[in-house]
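Below are the chains, spelled out letter by letter.
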Amino acid sequence: MAEESARPVLATHSGKFHCDDVFAYAVLRLALGLRAAEEDHVLVRTRKPEAIQAADIVWDVGTVYDAAAKRFDHHQRGAPERPDGTPFSSAGLVWQEYGVAAVAAMLPEEARGFAEGIAAELDGSLILRIDEVDNGVSASGPVRDDNLGLAALAGDFNPTWDSPEAEGPDAGNAAFVAASAFAEGILRRRVEGMRARRAAEAIVLAAHRAGADPQILVLDRGMPWKSAVFAHELPVLFCVSPASNGNWMLDTMPPEPGSFAQRMPLPADWAGLQGEELAARCGVADAVFVHLRRFVGAARTREGAVEMARRALATP
């Protein structure tokens, strides 16, 4: 093993790389606070047993899974599986050990309390999918990746057979590093989205508790709100929030995730009306429009949008 004072040596297999070894490297760098290979650590892509044995952390090669020894291969007999029977890839194995730390490294300090929950959610979605595609099997049966799938996109970083980068002792190393940067970008964006969703959920719950009517949610900023309503089974029918053009939007609530229906659509006699015609019909002076499909409307002011919601609730 490398001396503690020396740069840590991280090793994976040489040759063609795949989504799992690429993502595992991104996760390790994030969790361990590492920057670039040769700057603060050594990246070795090899199949030589002596080089693998000498490394500090090894993944996707070496025929050993031992988290305590920092060995994360999944090709040997008796390789570990998830509780549902899906085989782990090296990304999945590394994530079990380093996922929470990697997520925490991507979060601002005030949001690091979300790290464990985000890591678990990513494990059940993104990381699980990498495991499935890398092994070609899931708990439900055979798996294939498509040309726009994550595994295919990561694999596209491999140099072509006739590229100069495909030859020599460092073949594919630069492409592997580029692919890992791609993987890190995906992780960062996914984590940021999950952080923002959790932050929005806290605001939505507070706004709902403070609201005058539990069926009308009023937010001071535009943000994702429907997932919080579903998750906490709130009785919300309408949400009022500001739009970037200065209006205040009146959104309806779908009955279930992904549905284009509404728990309560806006009144039928408001459908497709705008401006003065809508104002006269709904009785709200600054009403702007109601969509023909009755799932969204707007007013020029917060008070106007809230009044539209109240009148919609009172409409038979």
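Please read all numbers here as calculations on a predicted model, not as lab measurements.

(A) Spatial organisation of the sheet that holds strand β2 (residues 42-45). Reading across from one edge, β2-β1-β3-β5-β4 is the order of the five strands in this open sheet, with mixed pairing throughout. The sheet is open, and its two edges are formed by β2 and β4 (65-66), each paired on a single side. Across two bridges, strand β3 (residues 57-59) lies against strand β5 (residues 71-72) in parallel orientation. Bridge pairing links V58 to R71 in β5. Strand contacts of helix α1 (residues 19-32): β1 (9-12), β2 and β3, with the helix running at about 155° to β3, the strand carrying the most contacts.

(B) Fine view of the sheet that holds strand β12 (residues 296-299). In space, the five strands of this open sheet follow the order β8-β9-β10-β12-β11, with mixed pairing throughout. The sheet terminates laterally at β8 (216-218) and β11 (287-290), the two strands that pair on one side only. The mean inter-strand angle of the sheet, taken between neighbouring strand axes irrespective of direction, is 20°. Here five bridges tie strand β9 (residues 238-242) to strand β10 (residues 248-252), and the two strands are oriented antiparallel to one another. For P242, the partnering residue across the bridge sits in β10 and is W248.

Cut-offs and rules
Residues numbered from 1 in each chain as written. Predicted model: local features only at pLDDT ≥ 70, side-chain atom pairs only at ≥ 80, totals over all residues. Heavy atoms only, no water. Pairing = 2+ DSSP bridges. Helix = DSSP H or I, 4+ residues; strand = E, 2+ residues; numbered from the N terminus. Contact = heavy atoms within 4.5 Å. Axes fitted to C-alpha atoms, helices over the stretch in contact; angles between N-to-C directions.

Remember, this is a structural readout, not a statement about activity or role.
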